[in-house]
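Here are the chains, one letter per residue:
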Amino acid sequence: MLRALELADAVLGSTSPNPSVGCVIVRDGRIVGEGATQPVGGAHAEAMALRQAGDAARGAAAYVTLEPHAHQGRTPPCSDALIEAGIAAVHVAMVDPNPKVSGVGIEALRAAGIEVSMGDGAAESAKLLEAYAKHCATGLPFVIAKFAATLDGKIAASSGDSRWVAGEEARAWAHGFRTRIDAIMCGVNNVLLDDPQLTARPGGVMAERQPLRIVADSRGRTPLDANVLGPGGKTLIATTDASPAAWRAAITAAGAEICVLPTDANGHVDMAALMRALGDRGVLSLLVEGGGVLHGSFFDAGLVDKVHAIIAPKIVGGSAYPAVAGTGVARMTDAVSLRDVEVVRLGADVAFVGYV
Ligand SMILES: NC(=O)c1ccc[n+]([C@@H]2O[C@H](COP(=O)([O-])OP(=O)(O)OC[C@H]3O[C@@H](n4cnc5c(N)ncnc54)[C@H](OP(=O)(O)O)[C@@H]3O)[C@@H](O)[C@H]2O)c1
């Protein structure tokens, strides 16, 4: 199961809207086939592993990180493939959280006389599939708020300069994570002040698969020569009726997509509406990279599921550019508290990773 989890981990971020699953087929104590979910439309993990195992699958045991699906989707049912291949036992890490299919694959395997055991690797698989599980339950993406802040909670100096708050190791860690998500988002002030590419460049190299880039820009201030419109992933600009039609046409001509949404009480793009639109198009995970005004809207609206906070041992002072602006809370007891916090040492910096 550990190997199956490794395989699932390696494809996280490349399979949406399908879950990232790993499968290993073992016969006489030897791995005879293994596979992971292919990008949408491609084979599922079980089919990949069975293909590799060939005849050796007969009488073998399969280890799979998620319940095999039993319905005809874009690909044939995986439970049927396991049954037809003559698999004798299936070890499943977790049931499918999709309420429409949960338990159905396991039932189909048992009905065919296959021995099914559950739970080995359940916690690890549930963590890998946390975005998929949220999307199954709510239709919305799993939202991770990420920022790099100083000890006094600033994401930039008073001029807006933010290069760099955190050191090289922290930046490399953050880039590595960008390969594991479906979409990455920032506010338009960040585009104007920082001009980020919003691409995944682990080790300084442009990753083959890039997340969808999203800019929250209510009034159409993204310049046509912004890096976010340059090479990298696809770009979506979330805007409102307040942006000029000519700007929208020019952005579309530059190859980006425009999504016109309602405004919130502050006249900004309504983030809840944007989350629904992203969920509808199969975005399972969204990394919100700030700045603080955008983070403020996400926290005020209760839209954040997980936080990646990198804290650098520096002090900036002043009152500009907090990591999270918005309305905030009046009392400490109402502060957003993280649970299951992991602390990662990144050179001189520290990352806090936890769930809201
Ligand atoms: N250290 C870090 O981790 C980090 C990360 C990112 C940015 N930064 C720094 O942060 C600074 C920019 O941050 P910022 O806080 O001023 O601005 P920001 O969050 O980047 O952008 C805020 C702007 O986004 C637009 N927006 C659209 N919909 C929104 C919504 N629902 N909620 C909030 N904003 C929405 C608004 O402008 P419209 O009303 O015109 O649409 C708003 O003024 C830069 O200096 C950048 O270098 C640092």
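Residues numbered from 1 in each chain as written. Predicted model: local features only at pLDDT ≥ 70, side-chain atom pairs only at ≥ 80, totals over all residues.

1. Considerations on the overall build of the protein
For step 1, the next point in the chain: Of the regular secondary structure elements, the protein holds 11 helices and 14 strands.
For step 2, the next point in the chain: Computed over the C-alpha atoms, the radius of gyration of the protein is 22 Å, within 12% of the 21 Å expected from 2.2 N^0.38 for a compact globule of 356 residues.
For step 3, the next point in the chain: Summarising its shape, the C-alpha atoms of the protein cover approximately 65 × 45 × 40 Å along the three principal directions.
For step 4, the next point in the chain: Within the protein, the proportion of its 356 residues that are buried is 45%.
For step 5, the next point in the chain: Long-range pairs, those at least 24 residues apart, make up 67% of the contacts in the protein with a sequence separation of at least 6. (Helix = DSSP H or I, 4+ residues; strand = E, 2+ residues; numbered from the N terminus. Rg over C-alpha atoms; globule rule 2.2 N^0.38 Å. Buried ≥ 20, exposed ≤ 12 C-beta atoms within 10 Å, placed from the backbone. Contact = placed C-beta atoms within 7 Å.)

2. Things to note about the sheet that holds strand β11 (residues 285-288)
For step 1, the next point in the chain: Strand order across the open sheet formed by 9 strands is β10-β9-β8-β7-β11-β6-β12-β14-β13, with mixed pairing between neighbours. Both outer strands of the open sheet, β10 (257-260) and β13 (339-346), are each paired with one neighbouring strand and no more. Neighbour to neighbour, the strand axes of the sheet diverge by 20° on average, direction disregarded.
For step 2, the next point in the chain: As paired strands, strand β12 (residues 306-312) and strand β14 (residues 349-355) are joined by 6 bridges and run antiparallel to one another. (Pairing = 2+ DSSP bridges. Axes fitted to C-alpha atoms, helices over the stretch in contact; angles between N-to-C directions.)

3. Some points on the site of the ligand
For step 1, the next point in the chain: Near the ligand lie 32 residues; those nearest to it are Gly187, Asn189, Ser218, Gly291 and Ser297.
For step 2, the next point in the chain: Secondary structure elements with two or more residues in the shell around the ligand: β6 (142-150), β7 (183-187), α8 (188-194) and α11 (292-300).
For step 3, the next point in the chain: Considering only residue class, the shell around the ligand consists of 15 nonpolar, 11 polar and 6 charged. (Near = placed C-beta within 6 Å. Nonpolar A, V, L, I, M, F, W, Y, C, P; charged D, E, K, R; others polar.)

4. Observations concerning the domain arrangement of the protein
For step 1, the next point in the chain: By domain assignment, the protein separates into domain 1 (2-130) and domain 2 (139-355).
For step 2, the next point in the chain: Taking only C-alpha atoms into account, the centre of domain 1 sits 34 Å from that of domain 2.
For step 3, the next point in the chain: The partner domain 2 presents 9 residues to the 6 residues of domain 1 that form the contact.
For step 4, the next point in the chain: Here the residues of the side of domain 1 that touches domain 2 are counted per class, giving 2 nonpolar, 3 polar and 1 charged. (Domains from an automatic or database assignment.)

5. Some details on the sheet that holds strand β3 (residues 61-64)
For step 1, the next point in the chain: A sheet is described by the order of its strands in space; here 5 strands give the open sequence β2-β1-β3-β4-β5, paired in mixed fashion. Two strands lie at the open edges of the sheet, namely β2 (30-36) and β5 (115-118), each paired on one side alone. Between one strand axis and the next, the sheet turns through 15° on average, direction left out of account.
For step 2, the next point in the chain: Pairing geometry for β3 and strand β4 (residues 89-92), over 4 bridges, is parallel.

6. Overview of the environment of Val269
For step 1, the next point in the chain: By the secondary structure assignment, Val269 is in the loop between β10 and α10 (271-280).
For step 2, the next point in the chain: What makes Val269 buried here is the crowd of 29 C-beta atoms within 10 Å.
For step 3, the next point in the chain: The sequence separation of Val269 and Ser297 amounts to 28 residues, and the corresponding C-alpha distance is 9.8 Å.
For step 4, the next point in the chain: In this structure, Val269 is in contact with Ala216, Ser218, Ala238, Thr239, Thr240, Leu261, Thr263 and Leu274, ignoring residues within four places of it in sequence.

7. Looking at the pairing of β10
For step 1, the next point in the chain: Here strand β9 (residues 235-239) pairs with β10 via 4 bridges, running parallel. Bridging from a neighbouring strand, Leu236 pairs with Glu257 of β10.
For step 2, the next point in the chain: Crossover β9 to β10 through helix α9 (residues 245-253) is right-handed. (Right-handed = clockwise from strand over helix to strand, strands pointing away.)

8. Description of helix α7 (residues 168-178)
For step 1, the next point in the chain: Among the residues of α7, those classed as buried are Ala170, Ala174 and Arg178. Taken end-on, α7 shows its buried residues confined to a sector of 85°, consistent with a single buried face. (Arc of directions from axis to C-beta.)

9. Let's talk about the environment of Thr179
For step 1, the next point in the chain: Inspection of the secondary structure puts Thr179 in the loop between α7 and β7.
For step 2, the next point in the chain: By the C-beta count within 10 Å, which is 17 here, Thr179 ends up partly exposed.
For step 3, the next point in the chain: Taking C-alpha positions, Thr179 is 6.8 Å from Gln210, a pair spaced 31 residues apart along the chain.
For step 4, the next point in the chain: With residues up to four places along the chain from it excluded, the contact list for Thr179 reads Gly13, Ala200, Pro202, Ala207 and Arg209.

10. Here's the deal with unusual backbone geometry
For step 1, the next point in the chain: Here the residue pair Arg163 and Trp164 is connected by a cis peptide bond, since its omega of -5° sits within 30 degrees of zero.
For step 2, the next point in the chain: If you trace the backbone, Trp164 turns up in the loop between β6 and α7.
For step 3, the next point in the chain: Phi at Asp28 is positive, roughly 50°, even though this residue is not glycine.
For step 4, the next point in the chain: One can find Asp28 in the loop between β1 (22-27) and β2.
For step 5, the next point in the chain: Taking the number of C-beta atoms within 10 Å as the measure of exposure, Asp28 has 8 and is therefore exposed.
For step 6, the next point in the chain: The backbone of Tyr321 shows a phi angle near 55°, a positive value even though the residue is not glycine.
For step 7, the next point in the chain: Position of Tyr321 among the secondary structure elements: in the loop between β12 and β13.
For step 8, the next point in the chain: A count of 26 C-beta atoms within 10 Å places Tyr321 in the buried class.

11. Comments concerning the pairing of β3
For step 1, the next point in the chain: Looking at chain direction, β1 and β3 are connected through 4 bridges and run antiparallel. In the sheet register, Val24 faces β3, and the bridge partner there is Tyr63.
For step 2, the next point in the chain: Following the chain from β3 across helix α3 (residues 78-84) to the adjacent parallel β4, one finds a crossover that is right-handed.

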